[in-house]
Amino acid sequence: MNSNESSPAPLRDVAQNAEATARYLADMQRVLLDMGANLEILQRETRVHCRSTSVEGDRWYHAKLRALPVEKALKDVLKILNSLTDGLEKSAYKRRSHDEAVVNTGKARKEKALEKARKNNPQPIQAAPNSGEERDSGQNYGYGGPASIYDLGKRSA
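Residues numbered from 1 in each chain as written. Predicted model: local features only at pLDDT ≥ 70, side-chain atom pairs only at ≥ 80, totals over all residues. Heavy atoms only, no water.

**Things to note about the pattern of salt bridges**
Next, step 1: Counted under the stated rule, the structure contains seven salt bridges.
Next, step 2: When the shortest N-O distance is used, the salt bridge between E115 and R118 registers 3.0 Å. Of this pair, E115 and R118 both sit in helix α4 (residues 62–120), three residues apart, which is roughly one turn of that helix. (Salt bridge = Lys/Arg side-chain N within 4 Å of Asp/Glu carboxyl O. Helix = DSSP H or I, 4+ residues; strand = E, 2+ residues; numbered from the N terminus.)

This is the structure:
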């Protein structure tokens, strides 16, 4: 049995686990950042070489003008590389937030179903104690009883 047959999709396990995805993308980002450091050195050395290469009869700016397309090409590569590394980092965060959203969606749906069930089958409301009765003191306190701490003494025990 071939090793490819036992695992038809080698990154399937990585894709199914947010932590494994984050580790894999971090490894890829490290490789790209190393490549970026080497490309920056290459860019500087190429710039120095191309700008110092002059042909007989050149004016002082001709070598610089010939070097600009080469410099721009390397600059574009570095820009793309930097956006790749940023994209990898963003992808790891989005993958983790996806798992959190899945968990939160399940919880929210359960809560919504419970709320709907409560709404469709309301519990009978218990009658409040009759607060309109007169008490031993003969005063009617209404809904809240004494209105301030000074009224507490007037209340019968």
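Read on, since the account is not over.
**Considerations on helix α3 (residues 18–52)**
Next, step 1: The end-to-end C-alpha distance of α3 is 50 Å, a good match for the 51 Å that 35 residues give at a rise of 1.5 Å each.
Next, step 2: On its buried side, α3 packs onto α2 (12–16) and α4.
Next, step 3: The N-cap of α3, judged by a side-chain oxygen 3.0 Å from the amide nitrogen of E19 a few residues on, is N17. (Expected span 1.5 Å × (residues − 1). Contact = heavy atoms within 4.5 Å. Polar contact = N/O pair within 3.5 Å; in protein donor to acceptor, adjacent residues only side chain to side chain.)

**Observations concerning the packing of α3 against α4**
Next, step 1: The N-to-C vectors of α3 and α4 enclose an angle of 170 degrees; their axes lie 10 Å apart at closest approach. Here α3 is positioned roughly antiparallel relative to α4, judged by the angle of their axes.
Next, step 2: Here the residues of the contact of α3 with α4 sort into 21 nonpolar, seven polar and 11 charged. (Axes fitted to C-alpha atoms, helices over the stretch in contact; angles between N-to-C directions. Parallel < 35°, antiparallel > 145°, perpendicular 65-115°, else oblique. Nonpolar A, V, L, I, M, F, W, Y, C, P; charged D, E, K, R; others polar.)

**Let's talk about the confidence of the model for the protein**
Next, step 1: In the predicted model, the protein carries a mean pLDDT of 84, and the fraction of residues at 70 or more is 77%.
Next, step 2: Taken element by element, the predicted model of the protein shows its lowest mean pLDDT in helix α1 (residues 3–6) (52) and its highest in α3 (94). (pLDDT = per-residue confidence, 0-100.)

**Regarding α4**
Next, step 1: Given a rise of 1.5 Å per residue, 59 residues ought to cover 87 Å, and the 83 Å separating the end C-alpha atoms of α4 matches this to within 8%.
Next, step 2: Bending of α4 peaks at approximately 35 degrees at the position of L68, with proline P69 no more than four residues after it.
Next, step 3: Listed in full, the buried residues belonging to α4 are A63, A67, E71, L74, L78, L81, T85, L88, A92 and R95.
Next, step 4: As for α4, its buried residues are in contact with α2 and α3. (Bend = angle between axes of the 7 residues up to and from the residue. Buried < 20%, exposed > 50% of the residue type's maximum accessible area, 1.4 Å probe, protein only.)

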